[in-house]
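Structural characterization, general
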Amino acid sequence: MALSQLKSLDPNYLTGVREKLNLLLDKKNANPEEITNFLDNLNTLFFDLKRKELESSVNVQDSVILVSDVLKIVKHEESFKVAKTCQIWEQVLQLPNVHLTSQASEQLIDWIIKSLKNENHLIFTDIFGCLAVAVNFKEVKQTKALEKVLSPSGFLINKLNEEQQINNQTVLILKILCNFTNCSGEKDWSTISKDVINTCIIQFIKIQEQHLNSDPSNLNLLKVLSLCFYGLENTFVRFTASTVAHLESIFSLSRYFMLFGIAGQPLKYAPIRPSSLPFVELSSKSDQTKNPKVRKKRPPSKVQSKNRDSNIEEVDIEGHFQTKNKPWTKNNIPVSSSDSELSDSDVQSHQRLKEAQAKVRSNALKMLSAAFKFCEQRSVMGYWSAFLPDSSQGQVYRHSLVTPILKDSSIKVRCSAVVALSSLLQAIQPTLAMAAYQENRTGAFIPLSQTLAETVIAVQRSLILSVSAEQSASALIQIFKCLAVAATVFPYEKLPIELVSKTVQQCTPFLENKDPDVKVACLSVLRILLCARSTNSSIVQMFHDEKTGKCWLLEHCLALIDGQSGFPLTLESLLVIGEVARSNIRVAQPYFQHIVQSVCRKLLADQDSGIQIRCAKALALVGASILQEMEKEDTNQFISRDEAIQLWIYIIRYGLADVLQAPSIPPLKAEACAALATVGSQIFECLPRELRILFVTLALGCAVDADAGVRAASIRTLGFAVTFNTLNDDASFLLDSSEKILPLLLDSNLLVALNASWALGNLADTLDKDQNSLLEEMPRDFLINLIQAAVNAAQGPMKVRCNGIRALGIFVKIITDVPTQGSDTANLLEKAISVVAKQATTGNFMKNRWNACYACGNILQNITLLTAFSHWMEKLLDSLLMVFRSCPNFKVRISAANAMLNLNHRELLSNNYIRIWFTLLDSLANSEHIDDFSEFQHHETMCRQICNALCKLMTLMTKDDLSQLQEAVMKYYDVCSSQFGKFLKSLLPEQLELVIEASSYIRQLGQPIESLTQSQKSAVELFQELLVIPS
């Protein structure tokens, strides 16, 4: 059947093909020529289909089924038919949206393996090409037969090892290995054979080591090297654990090949060994006599469109920016690059060669970036010093990641090198934080901090130098991103301040660059330098004009917002303004009025939702900064209350109100609600009455919005509002707020439920402060509904529980009506106390257990309720004592000890009193047994709180308790004496009230002395000795 006939079929082109194939399958001895013609037509059909010359109505999955059946009519010994079939499969597998079943994958791989056994070298290229495409599919990767082919003794690996010279088949086999390691997407790749992955890694390394000194002009070699690095990059991304054993070889090879093909760069392979400390490479004597070749710095041009061959001052540096003036070297034979001496074909060949060499370097650097990003930090720590420069004498330009940044002629390579450097700096951030520069250091010993400082200085200076030399916009953007990372991780306060000043000086001219992306990247660097170091007055001063004293960065950003600057610049300018306002209000304060007016205008006038959202975020940061200032004493405030009030009046009237009342997009509404939450109580109470009413109306209205993000932001705003001084005594507002909060506790969105539980906790705190007057104005079932909601929240999602538990303890504390036994209210309270007791003793989320102990302390204050239901007291005490016995977290034990301070009635403790004593003393004695060292920081506080709780218990003891307590104190006397001594020394005079009360009570309890038994006298003496306050 001819191809023209196939195309004429409608609606499905494959119908005729299927009919023809069925005829061939039915024939026992089909004509070979007929099969050949069928394969040719099928190959042409799918080739055109791949090029979209046929209609898209062709069903791709029908094509897979069709070509699977084609395997049945082609015998393995018919070499040329096998080759044609492989070509057909290769075309089909490259069609869009192809899906292979496990059965089809097994069938294809089995057929390929049987075809390979004929060992016809003429068709290996077609088979390998088909297999290279097939292994992209997960179903093919998982086939057992493929594992045999790719095993260390498999056909492909043996074939790869047998090849003496690199050829197309070598390239295809490596492409198979690379595609096998390429496991992208969100699929579960745990079923992929780790043994095959390890074999691939070994082969990649082995091939690179075999060709360390090979001819760099061999294009096939360059393809092989690129594929090897690409395959290793894939393994770092998805199978990082498999690379750990080979890191020495991989890092050594990448350090060698990242300079591969650069003219004038001597390549010498040197294995990199992991070290626990940074090291300095000692150069040879011949190298020490030479001055390092350094490009002179020059201020960057405002117009970056100049040719790379413009007048750039240089000092004998490698001419990668001056390739026209350098003769190319090929096999040690100078080849001029002049157009008059090279034909067009020679120029094109030479260009392909340079691009192939650059691809090797780029892939090596991309692999390094993946290694630094995905390897564990402890794995990278042993190798980082081999990839960073050193500013020691004569070592500034040793081979490192900085070398290709400064000397490579390929833009892609320079970009890859900068990305790799950024990844490395982020990976070793904790180590770099130890850097500290000593200008006048003496002595032979070089501390680690000095070595790190010299490395940091060299990196920063190299990046500054690259900014002045770089002409490519894409490379400049990457360099600025790297400088932004450096500004985040480098401890500039312990380094020469010139590093920052030169960075600012070098970056500032690029704010006027013609490329908006370059401007954005430059702004990002300056933003981080100013905001991340806001406490360093020297750095902050760099951003102020010497004559006017104004912050030129803020003025520049405000000018961009007020003008038409485009989306990226406006977005970054708003981010700069918000971050400066948040981090350094002293710098932003003179501009607050301008900032608020400009941002509000932009919020309402701009049509781009992204810019509007950023405007709302900027207002939220400004509001948070003002709120933080209002919490300070008046003498320390950088902004007056009157000024803050006027700013908020403008923000609400001419910004947030319009957004929240108009049919805005949900993310913008959510950000506007978040900004509204930063008003603060001190500002809110001074706002005009109509704005206070508008505030409440907007917050309550957004709580029922259809969007979960808006509901979450709104309920968070209400959580703040219920604590405001002018609203926390408004019963109607609290009732309205509770009606919004309670339904959202059951919201399907976790963030909404989390914010609702936090708001419920704040509502509980508000009711606790003024419980009598507020509860009288509330409906009778108001508190019961709150308790029921809190019980549900305390058993909800893990992160929602903590605030539900906190609220539950307060609600049970403030309930005044004692229910009758067996009533619905009694059953609800029983459930509430059971939930609190359970949460205190179970679970690994310690925040919940801490809040449960806090809730226990609140419930213990409701004496009326616990007197009526004494078994509830037993349940609470059991949970608290269990915390002391078994909880490994000291902060939870501290919370339990604080709860014990609410024990005020001895009759409620009954027989539990002595048990509490023994448990607390035992906990004090065993406090030195620390399994987790992170708990050590809380050890002293815990012991102090337990001693405080014991003082409280002393005020509750009776004479009948003395005999039993004498035995307990004698058993733990050494521990008690030591811990009480530390406890009393740590107390300030105003904190001695409980100790004095306990000491006075013990003294009164011992009177008259004649009425005491010997053991009781001994107990009184022991307690008096423990409570002796040191002078």
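Just so we're clear, the structure is a prediction, and the values are computed from it rather than from any experiment.

Okay, the overall build of the protein chain next. When its secondary structure is counted, the protein chain shows 53 helices and two strands. A separation of at least 24 residues holds for 73% of the contacts in the protein chain among residues at least 6 apart in sequence. Of the roughly 46,600 Å² of accessible surface on the protein chain, a fraction of 49% belongs to carbon and sulfur atoms.

Counting 351 residues, the largest nonpolar core has Leu425, Phe480, Phe811 and Phe1023 as its most contacted members. Mapped onto the domain boundaries, this core takes at least three residues apiece from domain 1 (10-150) and domain 2 (153-265 + 354-373). Residues contacting Phe811, with those up to four places away along its chain left out, are Leu760, Ala764, Leu767, Leu783, Leu786, Ile787 and Ala790.

So, about the pattern of salt bridges. The final tally for this structure, using the stated rule, is 19 salt bridges. Note that Lys602 is salt-bridged to Asp606, the shortest N-O span being 3.7 Å. Note on Lys602: relative accessible area 10%, which makes it buried.

Before going further, it helps to examine helix α12 (residues 194-210). For the α-helix, the turn length of 3.6 residues means that residues three or four positions removed from each other point alike. Over its 17 residues, α12 extends 24 Å from the first C-alpha to the last, a length consistent with the 24 Å expected when each residue adds 1.5 Å. When we look at burial in α12, the residues that qualify are Val196, Ile197, Thr199, Cys200, Ile201, Gln203, Phe204, Ile205, Ile207 and Gln208. Looking at the buried residues of α12, the elements they touch are α9 (144-149), α10 (155-162), α11 (168-181), α13 (219-238), α14 (240-243) and α15 (247-257). Measuring from the backbone nitrogen of Asp195 back to the side-chain oxygen at the start of α12 gives 3.4 Å, which picks out Ser193 as the cap.

Residues Lys175, Lys223, Lys359, Lys366 and Lys412 make up a contiguous surface patch of positive charge. With respect to the secondary-structure elements, Lys412 resides in helix α20 (residues 411-427). Assessed through its relative accessible area of 66%, Lys412 is described here as exposed.

Right, let's talk about the packing of helix α51 (residues 973-986) against helix α53 (residues 1014-1026) for a bit. The geometry of α51 relative to α53 is characterised by a closest axis approach of 9 Å and an angle of 35° between their N-to-C directions. Within the contact between the two elements, α51 uses Tyr973, Cys976, Ser977, Phe980 and Leu984 and α53 uses Leu1022, Glu1025 and Leu1026. Broken down by class, the residue content of the contact of α51 with α53 amounts to six nonpolar, one polar and one charged.

We now examine unusual backbone geometry. A positive phi is found at Ser910, a non-glycine position, where the angle reads about 45°. Structurally, Ser910 is set in the loop between α47 (906-909) and α48 (912-925). Residue Ser910 is classed as partly exposed on the basis of its relative accessible area, which comes to 36%.

What follows is about the side chain of Glu572. Structurally, Glu572 is set in helix α28 (residues 567-583). Judged by its relative accessible area of 10%, Glu572 falls in the buried class.

By convention here, two paired aromatic rings are described through the distance between centres and the angle between planes. A full pass over the atoms with the stated rule returns 22 aromatic pairs. Pairwise contacts between aromatic rings join Phe229, Tyr256, Phe257, Phe260 and Tyr269 into one cluster. Over the ring of Trp189 we find Lys138; its NZ or CZ atom is 5.6 Å from the centre of that ring.

Turning our attention to the packing of helix α36 (residues 708-721) against helix α38 (residues 750-769). It is at 8 Å that the axes of α36 and α38 come closest, and there the two elements cross at 10°. Taken together, the axes of α36 and α38 are roughly parallel relative to one another. Residue-level contacts link Ala708, Arg711, Ala712, Ala713, Ile715, Arg716, Gly719 and Phe720 of α36 to Leu751, Val752, Asn755, Ala756, Trp758, Ala759 and Asn762 of α38. Residues belonging to the contact of α36 with α38 are distributed by class as follows: 10 nonpolar, three polar and two charged.

Relative to the helices and strands, Asn536 resides in the loop between α25 (516-531) and α26 (537-541). Residue classification places Asn536 among the buried residues on the basis of a relative accessible area of 17%. From its side chain, Asn536 meets the backbone nitrogen of Ser538 in a polar contact 3.1 Å long.

Moving on, we come to the state of the cysteines. Tallied over the full model, the rule gives zero disulfides. Cys522 takes part in no disulfide bond, and the closest cysteine sulfur, belonging to Cys507, lies 4.9 Å away. With no disulfide of its own, Cys615 lies 8.5 Å from the sulfur of Cys600, the closest cysteine sulfur. Judged by relative accessible area, which is 0%, Cys615 ranks as buried.

So, on to the environment of Glu454. Along the chain, Glu454 turns up in helix α22 (residues 448-469). Residues Glu454 and Leu495 lie 41 residues apart in sequence; the distance between their C-alpha atoms is 9.2 Å.

Where like charges cluster on the molecular surface, the negative patch consists of Asp729, Asp770, Glu776 and Glu777. Mapped onto the secondary structure, Glu776 falls in helix α39 (residues 771-777). Classification of Glu776 as exposed rests on a relative accessible area of 68%.

Rules used in this analysis
Sequence order as written defines residue numbering, which begins from 1 separately in each chain. Under the rules for a predicted model, residues below a pLDDT of 70 receive no local features and side-chain atom pairs below 80 are neither given nor counted, while totals for whole chains, interfaces and linings still include all residues. The side-chain quantities take in all heavy atoms of the structure and omit both hydrogens and water. Here a strand is any run of E in DSSP of at least two residues, a helix any run of H or I of at least four, and the numbering for each starts at the N terminus. Contacts between residues were defined by any pair of non-hydrogen atoms, one from each residue, lying within 4.5 Å. We get accessible surface area from the Shrake-Rupley algorithm with a probe of 1.4 Å; when it comes to residues, only the shown protein chains can shield them. Grouping buried Ala, Val, Leu, Ile, Met, Phe, Trp, Tyr and Cys residues that are joined through side-chain atoms within 4.5 Å yields what is termed a nonpolar core. Exposure classes here rest on a 1.4 Å probe applied to the protein chains alone. A residue is buried below 20% of its type maximum, exposed above 50%, and partly exposed in between. As used throughout, domain bounds are those supplied by an automatic or database domain assignment. Whenever a carboxyl oxygen of Asp or Glu lies within 4 Å of a side-chain nitrogen of Lys or Arg, that contact is scored as a salt bridge. Each helix should span, by expectation, one fewer than its residue count multiplied by 1.5 Å. Any N or O atom pair separated by 3.5 Å or less is treated as a polar contact, with the protein-specific requirement of one donor-capable and one acceptor-capable atom, and with residues adjacent in sequence counted only for side-chain atom pairs. Residues with no salt bridge and a relative accessible area higher than 30% make up the patches, which join like charges within 9 Å and nonpolar side chains (Val, Leu, Ile, Met, Phe, Trp, Tyr) within 5 Å. Charge convention: Lys and Arg are scored as positive, Asp and Glu as negative, and His as well as the terminal groups of each chain are ignored. Taken as the charge location is NZ of Lys, CZ of Arg, CG of Asp or CD of Glu. Axes here mean lines fitted to C-alpha atoms, for a helix over just the part in contact, with angles spanning 0 to 180 degrees between N-to-C directions. Three classes are used: nonpolar for Ala, Val, Leu, Ile, Met, Phe, Trp, Tyr, Cys and Pro, charged for Asp, Glu, Lys and Arg, and polar for all others, with Gly counted as polar. Ring pairs shown here join Phe, Tyr and Trp side chains whose ring centres sit within 6.5 Å, with only the six-membered ring taken for Trp; geometry is labelled stacked below 30 degrees between planes, edge-to-face above 60, and tilted in between. For a ring to carry a charge above it, either NZ of a lysine or CZ of an arginine must fall within 6 Å of the ring centroid while also lying within 35 degrees of the normal to the ring plane. Here the angle decides the label: under 35 degrees means roughly parallel, over 145 means roughly antiparallel, 65 to 115 means roughly perpendicular, and every other value means oblique. Criterion for a disulfide: a pair of cysteine sulfur atoms at a distance within 2.5 Å.

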